[in-house]
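Listed here are the chains, written in short residue letters.
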Amino acid sequence: MQTRFELKQSDMPTRWYNVQADLDKPLPPPLHPLTLKPAGPDDMAPIFPMALIAQEMSGDRYIDIPDEVQEILRLWRPTPLMRAVRLEKALGTPAKIFFKYEGSSPTGSHKPNTAVAQAYYNKISGITKLTTETGAGQWGSALAMACNFFDIECKVYMVKVSYQLKPGRRSVMQLFGASVTASPSDETDSGRAILAEDPESPGSLGIAISEAVEVALKRDDTKYSLGSVLNHVLMHQTVIGEEVIKQLDLAGVSEPDVVIGCVGGGSNFGGIALPFLRQNLKDGAKTRLVAVEPMACPTMTKGLYAYDYGDTAKMAPVIKMRTLGHDFVPPSIHAGGLRYHGMAPILSALHSEGLIEAVAVPQVETFQAAQLFAQTEGIIPAPESAHAIRAAVDEALDAKAKEEERTIVFGLSGHGYLDLTSYDAFLGGHLDNYAYPEEKVREALGKLPHPEQA
Ligand SMILES: *Cc1c(COP(=O)(O)O)cnc(C)c1O
C-alpha cells in the first residue's frame, strides 16, 4: 500500500494564501500599546519592515513568494505527506490517518517557512540585525538559520527555563551564528524590571518578547521578528496546507473529514488548516478544522476573546485575540512551544465564528500518544506536535466506536530529537496532568486594557 505521497520540487506552491480576503468582516485592528488607538503602518514601522506590515494588513487573496525565498524553501520543500497505516492497525480503526511531516525541515519544524520569508523582507529593507524571543528553541533555530542565509545578525532572547533545559537548541542557534541570552536578562529595562521583582523568574514568552522588542525599538538598523500569532506568519505557513491538498489528491482523497493541528500561537495549524477553510468557504467542503492545545495553557478553550497586550511589558501592539492575560506565567509543562498567553487573531476570530473547533488535551495522555506514534511510525514527535497526535488518535478511536471510515489529516509540526529531556521525564513517571484554573483566567480579565476608555 502506498504510504508516502511526494510532490516534485516544481509542485511547491509559488504563492501564499491570505485568508483575510475571505473573511466576512475584517479583523479588529491592532492598537497602539500606549494610546490604545488603532495602530497604522507608521506605528508598527519601528518594529517591522514595511513589506511585512503590508502583508499583515493585506486584503489580497494570494501573494507571490519571492524567488529568493522559494529557492531556500526548496532545500526541504515540498515536505512528505504520509499515511500512518501502522498506527491505524494498532488502533484497529477503520479511519484513514494521514500526517504532514514538517519535522523534515533543516531545523526540525515548520518554523523556517516564515523565518526565511521574514529574514528576506528585512534584508531587502536594509535591516542588518533581527531580535526575537524563543521558548523551546525551535523558532530561534529557524530564525538563526534564515538570518545566516541572508547575512543578517540574529539576537535571541530564550526563556530561561528552556535555556537551562535545552542546551542543545542553544548550540544549534549559535552554530548558525546567532547570539543567545537567557530571558529575563539584565541587558534590557524590561528584563531588569522583572529580575528586580523576582530574581528567580523562570521567564516566559511574554517577557522575552518585551526584551526583543525593546532592543529593536532602540535601534534604526534593527527590527523584531515574531515566529507565530501574526497574520503574515500564518500566511507564510499556508504552503503546508496547499501542499497537503495536492498530496491528498494523489492519495485519492478530495475532501478529508477532519484536519488537526496543535496550537501555540497558531501558525502551524493556520498553515495546514486555512487552505482547507478556503475550500469550506468557497467550494462548499465540510472539513472540520480542529486546533489542539494543552490543558495547562488553554488559550482557545478557556481564554477570553478580548484586546490584550502581546507581551508582558506592554510594548508590542495590542491585539484582539483569545488570551489568558499578558502576565500569564505558564506552568512548566513540557511542550515549550505551546505556552504563549495569546492566540493568532485570525484563529481567535474564526473560533468565535464557529468556523474552527478547539480541544484541550492532558499532558500524560499526550506523551502516551507520542510513544504509540513513535513505536508504530518510527518518528519521535516534538512534544508540541504530540498534542495533534493525541487528538488524531481520539478521532480515530471515535471513528472506530461509530464504525465510520473517517479521513483524518494531522500536522506533525516537528520532530522531538532535541526534546529528549521531556521524554526522560515521561518515561521516569515524572509528568503529571495540570489544568489551568478558571479563577486564574477570571483574575487575568481584571488586567486587560480597556480601549473604549482610551
Ligand atoms: C513552535 C512550535 C509549535 C507551536 O507554534 P505554532 O505557531 O502554534 O505552530 C508547534 N510545534 C512545533 C514543532 C513548534 O516548534
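Residues numbered from 1 in each chain as written. Predicted model: local features only at pLDDT ≥ 70, side-chain atom pairs only at ≥ 80, totals over all residues. Heavy atoms only, no water.

### Regarding the site of the ligand
As a reminder of what qualifies: We define proximity as follows: a residue is near a molecule or strand when any one of its heavy atoms falls within 4 Å of that partner. Under the rule applied, a polar contact is a pair of N or O atoms within 3.5 Å (in protein, one hydrogen donor and one hydrogen acceptor; residues adjacent in sequence only if both atoms are side-chain atoms). Residue polarity follows a fixed list, in which Ala, Val, Leu, Ile, Met, Phe, Trp, Tyr, Cys and Pro are nonpolar, Asp, Glu, Lys and Arg are charged, and the others, Gly among them, are polar.
The ligand sits among 19 residues. The nearest are Lys111, Ser228, Gly264, Ser267 and Ser413. Here an oxygen atom of the ligand and a side-chain polar atom of His110 are 3.0 Å apart. In this structure, Gly265 approaches the ligand through a main-chain N or O atom, which is 3.1 Å from an oxygen atom. Residues belonging to the shell around the ligand are distributed by class as follows: 4 nonpolar, 13 polar and 2 charged.

### Points about the packing of helix α6 (residues 138–149) against helix α8 (residues 167–175)
The test is simple: In this analysis, axes come from line fits to C-alpha atoms, helices being fitted only over the stretch in contact, and the angle between any two N-to-C directions falls in the range 0 to 180 degrees. For the purposes of this entry, the term helix denotes a DSSP run of H or I that reaches at least four residues, the term strand denotes a run of E that reaches at least two, and both are numbered from the N terminus. Should an angle fall under 35 degrees it is called roughly parallel, over 145 degrees roughly antiparallel, and 65 to 115 degrees roughly perpendicular, with every other angle called oblique. Crossings are assigned a handedness: left-handed for a near helix turned anticlockwise from the far helix by less than a right angle, right-handed for a clockwise turn. Contacts are assigned to residue pairs with any non-hydrogen atoms lying within 4.5 Å of each other.
Direction vectors running N to C along α6 and α8 enclose 15 degrees, while the axes themselves pass 8 Å from each other. Between α6 and α8, the angle falls in the class roughly parallel. Remark: the crossing between α6 and α8 carries left-handed chirality. Where α6 approaches α8, its residues Gln138, Gly140, Ser141 and Ala144 are matched on the opposing element by Arg169, Val172 and Met173.

### Description of the pairing of strand β15 (residues 407–412)
Heads up, the rule is: Working definition: with a 1.4 Å probe on protein chains only, accessible area under 20% of the residue-type maximum means buried, over 50% means exposed, and in between means partly exposed. Note on pairing: two strands pair once DSSP finds at least 2 bridges between them.
Within β15, 6 of the 6 residues are buried, which leaves the element mostly enclosed by the surrounding structure. In this sheet, β15 lies alongside strand β5 (residues 96–101) in parallel orientation, the contact comprising 6 bridges. Along β15, the bridge assignment pairs Phe98 with Val409. Bridge count between strand β10 (residues 258–262) and β15: 3 bridges; the pairing is parallel.

### Details of unusual backbone geometry
A cis amide bond, omega -10 degrees, links Arg77 with the succeeding residue Pro78. Positionally, Pro78 belongs in the loop between α3 (67–73) and β4 (81–83). Note the cis peptide between Ser183 and Pro184, where omega equals 5 degrees. Locating Pro184 in the fold gives a position in the loop between β8 (179–183) and α9 (189–197). Residue Glu403 is not a glycine yet carries a positive backbone phi of 50 degrees. Tracing the chain through its elements places Glu403 in the loop between α17 (383–401) and β15.

### Details of the sheet that holds strand β9 (residues 222–224)
Overall, parallel pairing links the 4 strands, which are arranged β8-β7-β6-β9 in an open sheet. Two strands in the sheet have a free side with no partner beyond their single neighbour: β8 and β9. Averaged over all pairs of adjacent strands, the angle between their axes in this sheet comes to 25 degrees, without regard to strand direction. Where strand β7 (residues 153–159) and β8 come together, 5 bridges link them in parallel fashion.

### Looking at the side chain of Glu102
Turning to its location among the elements, Glu102 is positioned in the loop between β5 and α5 (112–124). Among residues more than four places away in sequence, those in contact with Glu102 are Arg77, Thr79, Gly108, Ser109, His110, Asn113, Ile240, Leu412 and Ser413.

### Brief notes about the domain arrangement of the chain
What counts is decided by this rule: Source of the domain bounds: an automatic or database domain assignment. Note on terms: buried area is the combined drop in 1.4 Å-probe accessible area of two parts once they are placed together, counting the loss on both. Here, a salt bridge means any Lys or Arg side-chain nitrogen found within 4 Å of an Asp or Glu carboxyl oxygen.
Split by domain assignment, the chain resolves into domain 1 (4–8 + 67–108 + 238–449) and domain 2 (17–66 + 109–231). The C-alpha-based centres of domain 1 and domain 2 are spaced at 21 Å. Taking both sides of the interface into account, the surface hidden between domain 1 and domain 2 amounts to around 4,900 Å²; carbon and sulfur atoms contribute 67%. Of all residues in domain 1, the largest losses of buried area upon contact with domain 2 belong to Val69, Thr107 and Met315, amounting jointly to 14% of the total for that side. At the surface where domain 1 touches domain 2, the tally comes to 3 salt bridges. For Lys25, the salt bridge is made with Glu353, and the minimal N-O distance between the two is 3.3 Å. Here domain 1 and domain 2 share 19 residue pairs in polar contact (both at pLDDT 80 or more) between them. Listed by contribution, the elements that provide at least two residues to the side of domain 1 that touches domain 2 are α3, α12 (239–250), α13 (267–283), β12 (304–309), β13 (318–323), α15 (345–352) and α18 (420–427). If you tally residues by element for the side of domain 1 that touches domain 2, the top one is α13, at 8 residues. When grouped by side-chain class, the residues that make up the side of domain 1 that touches domain 2 number 33 nonpolar, 19 polar and 14 charged.

### As for the state of the cysteines
In a disulfide, the sulfur atoms of two cysteines are covalently bonded to one another. Basically, it comes down to this: In plain terms, two cysteine sulfur atoms within 2.5 Å form what is called a disulfide here.
In total, this model carries 0 disulfides according to the counting rule given. Cysteine Cys297 is unpaired, with the sulfur of Cys262 as its nearest cysteine sulfur at 12 Å. For Cys297, a relative accessible area of 1% gives the class buried.

### Regarding the pattern of salt bridges
Inspection of the entire model under this criterion finds 24 salt bridges. One salt bridge in this structure joins Asp22 and Arg61, with 2.4 Å as the shortest N-O distance. You can see Asp22 sitting in the loop between β2 (15–17) and α1 (41–44) and its partner Arg61 sitting in the loop between α2 (50–57) and β3 (62–64), a full 39 residues away along the chain. We note a salt bridge from Asp221 to Arg219, for which the minimum N-O separation is 3.0 Å. Taking the relative accessible area as the measure of exposure, Asp221 reaches 26% and is therefore partly exposed.

### Some thoughts on the packing of aromatic side chains
The line we're drawing: In summary, the pairing rule links any two rings of Phe, Tyr or Trp, Trp by its six-membered ring, whose centres are within 6.5 Å, and it sorts them by plane angle into stacked for under 30 degrees, edge-to-face for over 60 and tilted for everything else. Look at NZ for Lys and CZ for Arg. If either is within 6 Å of the ring centre and within 35 degrees of the ring normal, a charge sits over the ring.
In this structure the tally under the stated criterion is 10 aromatic pairs. Seen in terms of ring centroids, Phe367 and Tyr423 are 5.3 Å apart; in terms of plane orientation they differ by 70 degrees. Their pairing is edge-to-face. Pair noted here: Phe367 is in helix α16 (residues 363–377) and Tyr423 is in helix α18, with a separation of 56 residues, a long-range link. Through successive ring pairs, a cluster of aromatic residues spans Phe99, Phe373 and Phe410. Geometry around Tyr163 places Arg170 over its ring, the cationic atom sitting 4.0 Å from the centre. The ring of Tyr305 is capped by Lys320, whose NZ or CZ atom sits 4.6 Å from the centre of that ring.

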